[in-house]
Amino acid sequence: MSRGVFITGTDTGIGKTLVSATLLAALNAGGRRAVGMKPVASGCAETPAGWRNDDALTLLAHSAGDPPYALVNPYALRDAVAPHLAAAASGIELRLDPLRAAFAALSTNADCLVVEGVGGWAVPLSSTLMQVDLVRALALPVVLVVGLRLGCINHALLSARAIEADGCRLLGWVANRVDPHMALAEENLATLRERLPAPCLGELPWASAPEPRALAPYLHAAARVLPR
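Here the structure is a predicted model, which means the values were calculated and not measured.

What counts as what
- Residues numbered from 1 in each chain as written.
- Predicted model: local features only at pLDDT ≥ 70, side-chain atom pairs only at ≥ 80, totals over all residues.
- Heavy atoms only, no water.
- Helix = DSSP H or I, 4+ residues; strand = E, 2+ residues; numbered from the N terminus.
- Buried < 20%, exposed > 50% of the residue type's maximum accessible area, 1.4 Å probe, protein only.
- Contact = heavy atoms within 4.5 Å.
- Pairing = 2+ DSSP bridges.
- Right-handed = clockwise from strand over helix to strand, strands pointing away.
- Axes fitted to C-alpha atoms, helices over the stretch in contact; angles between N-to-C directions.
- Expected span 1.5 Å × (residues − 1).
- 1 Å grid on protein atoms, 1.4 Å probe; cavity = no way out; pocket = protein on both sides within 12 Å on 5 of 7 lines; lining within 4 Å.
- Points joined across faces, edges and corners; volume = space filled by probe spheres on them.

(A) How the structure looks around the overall build of the chain. In terms of regular secondary structure, the chain is built from ten helices and ten strands. For the chain, the spread of C-alpha atoms along the principal axes amounts to about 45 × 40 × 35 Å. Per-residue burial for the chain yields a buried fraction of 51% across its 228 residues. In the chain, the proportion of contacts linking residues at least 24 apart, taken out of those at least 6 apart, comes to 77%.

(B) Molecular detail of the pairing of strand E10 (residues 200–204). In the sheet, strand E9 (residues 170–176) pairs with E10 via four bridges, with the strands oriented parallel. Looking at the pairing, Asn176 lines up with Leu204 of E10. Assessed by its sense of winding, the connection that carries the chain from E9 through helix H8 (residues 185–195) to E10 is right-handed.

(C) How the structure looks around the sheet that holds strand E8 (residues 142–147). Reading across the sheet, the six strands line up as E2-E7-E1-E8-E9-E10 and stay open at both edges, with parallel pairing between neighbours. Single-partner strands in this sheet number two, and they are strand E2 (34–37) and E10. Going across the sheet, the axis of each strand differs from the next one's by a mean of 20°, ignoring polarity. When strand E1 (residues 3–9) meets E8, the two strands line up parallel, connected through four bridges. Of the residues in E8, the one forming a bridge with Phe6 is Val142.

(D) A look at helix H1 (residues 16–29). Given a rise of 1.5 Å per residue, 14 residues ought to cover 20 Å, and the 20 Å separating the end C-alpha atoms of H1 matches this to within 8%. Taken across its 14 residues, H1 has twelve buried, putting it largely inside the fold. Of the residues making up H1, those classed as buried are Lys16, Thr17, Leu18, Val19, Ser20, Ala21, Thr22, Leu23, Leu24, Ala25, Ala26 and Leu27. Positive backbone phi, approximately 100°, marks Gly31, located one or two places after H1.

(E) Inspection of empty space enclosed by the protein at higher detail. Under the defined criterion, the tally for this structure stands at one cavity of 30 Å³ or more. Estimates place the volume of the largest cavity at around 40 Å³. Taken together, Phe6, Pro39, Val40, Glu116, Gly117, Val118, Leu125, Gln131 and Leu134 make up the lining of the largest cavity.

Structure representation (structure tokens):
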């Protein structure tokens, strides 16, 4: 299998897709053939081609080549709720085997896979599976996206603690400025740098309409430290 990284976040809606797509853009600009994967996506729209998720489509758009959507997003779930609930509503049980198979298939034409998780770290996939089971099955290091807003220190430290307690490797973290009016943003960032047990791999500035390729230079350092 190709090398890869798992992107998780301190919460939902803090920019995992933006960071993932920007990292893909940085990797591809640096000469590595990088492909994105969204194993499980809650909140999909029905199209003539089947169920499609905006986050998965964004990763696909910034991937090298033209990987099949079904491999990029093996489980496309209709309802925008927790994945185990969305799967149950659709009469589906999320299993690891199809996800491992899709990862392996994507790996045949990629140097690096950027795998975006769903929600935060401690998310159930089924009555017997947690998201960490997928990370372990794919043997991927983890990058934590920290959305810079009120409460981010608590969420980041708890997430980092949980990742390490689950036996996974926290490769580093990326700061994403989701709140342009955050009070004492630099002081919060300094605290995160001091207390998180892994290095900061980059900071994304706030933008009303962020474009991953334009932001790629902010994550060139992160791209260089990913496993080869």
